[in-house]
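Tertiary structure, described
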Amino acid sequence: MNRATIAPLRRFNDLQPAQDSIPPVQALTDYALVGQFGAELSEPINTLHCIVQEFNQTRHMSHAQMVVLVSAVESAVHITRQSQQIARLAEGRLRQSHERVRLDELLHQALADLSPALQAQGIEVFRNIKPVEIIVDPGLLSSLVEAALAWASSQGTKLVVSLGIKNWPEHGMLAIKAILPPGQTGRSAPVDSLAWQILTLTAQTMGVTLEREITENGEALLVLEFARTVKQLEGLTAVEMDASGDSSFHNGTKPMAGMRILLVSNDPLVRAEVDGAGRLLGLMVDKVPNTEQAQRYVKLGMPHLIVIDERLNDDAFERLQNNIRSTDPNFGFIEIADDANTFEISSWMSDSMTRVSRDVMRAQLPSVLTLELARAL
């Protein structure tokens, strides 16, 4: 859906989801997607066909024709790769490793890598990029940024790239505005191109909110919002996990809702406190009385987080912990400690374990669960 007008690029704090902007993911139907493949392949295929026909008649190929031939082959290969990428994303089986990534640094690097190609196309780039750190899969983030820049560069000859953090919720926001020259109305690629399909599917896979606004005066605005944004709070690393509002990926609910916690404890007090914190956050809490049953539980299905009573933290549990972290280094563990006034937060990407003592469980457990579950998002 196109907007009638759009103001100049707004401040990040003013970028709110527009009611009439398109949904974050508006995937084409299967038939329409096949038609899009055919439409984009038709140009390089027709070029190849014409060159081959002329060669059959003259048995000669000029240098200029060879350059056009190579360009057409590269275009066809690129479209083939796009189709394979769309198929992988559509399957929804990609395994993600969640790490802290400096989005601003990655964006600067992506623009530097694209600079020769953008200059060759006559595209100017203007930047306003502030430091933003998020928790995502690094490979998918690179693909997302590349797809966003690729789509935007096909929509105009001037790009305004802005990155910052909204005041509330404190989400990182990447905005790219593409502007056509005065008097020009046609774009070099359709707005619903294969590049757009890759962009929407990648954003959906990552849980990134994506919006697009197209205007009649030659502007296209792309906005990506990252809910898993790292911030500094009272000296501790935290993650802004609020996903309220118009996010179609979480349907207005907290992304933690429905996640499963495994509690290894036979202490009624510990069980009651973890149950209470779980209900508060909309989590499912499964309980086992010892490490042996925890091992059986994990074999049947991996929870999103494991809470262990220090009194049951033995060598067998340590082996279980090492096995899990060998395949998922970011998996979260919380230990309920006997020592009074214990409150230790593990650092990201470390082998340490978050520890909370029994006497502060009620006050600290909800926030600790929130922090640790950010690893699983």
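Predicted, not measured: the structure shown is a model, and the values here were computed from it.

Looking at the packing of aromatic side chains
According to the stated counting rule, one finds 3 aromatic pairs in the structure shown. Judged by centre distance (6.0 Å) and plane angle (90°), the ring pair of F317 and F333 falls under edge-to-face. Here F317 is found in helix α8 (residues 315–327), whereas its partner F333 is found in strand β13 (residues 332–337), with 16 residues between them in sequence. Overall, the relative accessible area of 0% leaves F333 in the buried class.

Points about the environment of M206
For M206, the location among the structural elements is in helix α5 (residues 194–206). Sequence separation of M206 and L140 is 66 residues, and the distance between their C-alpha atoms is 7.4 Å.

A closer look at the nonpolar core
Ranked by internal contacts, the top residues of the largest apolar core, which has 39 residues, are L141, L144, L199, L224 and F226. Of the residues forming this core, the biggest block, 9 residues, is contributed by helix α4 (residues 138–153). Once residues lying within four places of it in the same chain are set aside, the contact partners of L144 are L199, T202, A203, M206, V208, L224 and F226.

Details of helix α6 (residues 268–281)
Look at α6: 20 Å from first C-alpha to last across 14 residues, which is about the 20 Å you get at 1.5 Å a residue. Where α6 is concerned, the buried positions are V270, E273, V274, A277, G278 and L281. Each buried residue of α6 sits inside an arc of 135° when the element is viewed along its axis, so together they form one side. Residues of α6 that are exposed and angled more than 90 degrees away from the buried face: P268, R279 and L280. Along its buried surface, α6 packs onto β10 (260–264), β11 (284–288), β12 (305–309), β13 and α9 (361–373). Measuring from the side-chain oxygen of the N-cap residue of α6 to the backbone nitrogen of L269 gives 2.8 Å; that N-cap residue is D267. Just downstream of α6 lies G282, where phi reads positive at about 75°.

With respect to the pattern of salt bridges
Within this structure, the stated rule accounts for 15 salt bridges. We note a salt bridge from D275 to K287, for which the minimum N-O separation is 3.2 Å. Of this pair, D275 sits in helix α6 while K287 sits in strand β11, and the two are 12 residues apart along the sequence. D338 is the partner of R358 in a salt bridge, and the nearest nitrogen-oxygen pair spans 2.6 Å. Pair noted here: R358 is in the loop between β15 (354–357) and α9 and D338 is in the loop between β13 and β14 (343–344), with a separation of 20 residues, a long-range link. Residues participating in the shared-partner salt-bridge network are D267, D309, R311, D338 and R358.

Quick look at the packing of α4 against α5
In a pair of packed helices, the angle between the axes and the distance between the axes together describe the arrangement. Running from N to C, α4 and α5 cross one another at 150°; their axes reach a closest spacing of 9 Å. Between α4 and α5 lies a crossing of left-handed hand. Contacts between α4 and α5 pair L140, L141, L144, A147, A148 and W151 from the former with W196, I198, L199, T202, A203, T205 and M206 from the latter. Residue composition of the contact of α4 with α5, by class: 11 nonpolar, 2 polar and no charged.

Cut-off values and rules
- Residues numbered from 1 in each chain as written.
- Predicted model: local features only at pLDDT ≥ 70, side-chain atom pairs only at ≥ 80, totals over all residues.
- Heavy atoms only, no water.
- Phe/Tyr/Trp six-rings, centres within 6.5 Å; stacked < 30°, edge-to-face > 60°.
- Helix = DSSP H or I, 4+ residues; strand = E, 2+ residues; numbered from the N terminus.
- Buried < 20%, exposed > 50% of the residue type's maximum accessible area, 1.4 Å probe, protein only.
- Core = buried A, V, L, I, M, F, W, Y, C linked by side-chain atoms within 4.5 Å.
- Contact = heavy atoms within 4.5 Å.
- Expected span 1.5 Å × (residues − 1).
- Arc of directions from axis to C-beta.
- Polar contact = N/O pair within 3.5 Å; in protein donor to acceptor, adjacent residues only side chain to side chain.
- Salt bridge = Lys/Arg side-chain N within 4 Å of Asp/Glu carboxyl O.
- Axes fitted to C-alpha atoms, helices over the stretch in contact; angles between N-to-C directions.
- Left-handed = near helix turned anticlockwise from the far one by under 90°.
- Nonpolar A, V, L, I, M, F, W, Y, C, P; charged D, E, K, R; others polar.

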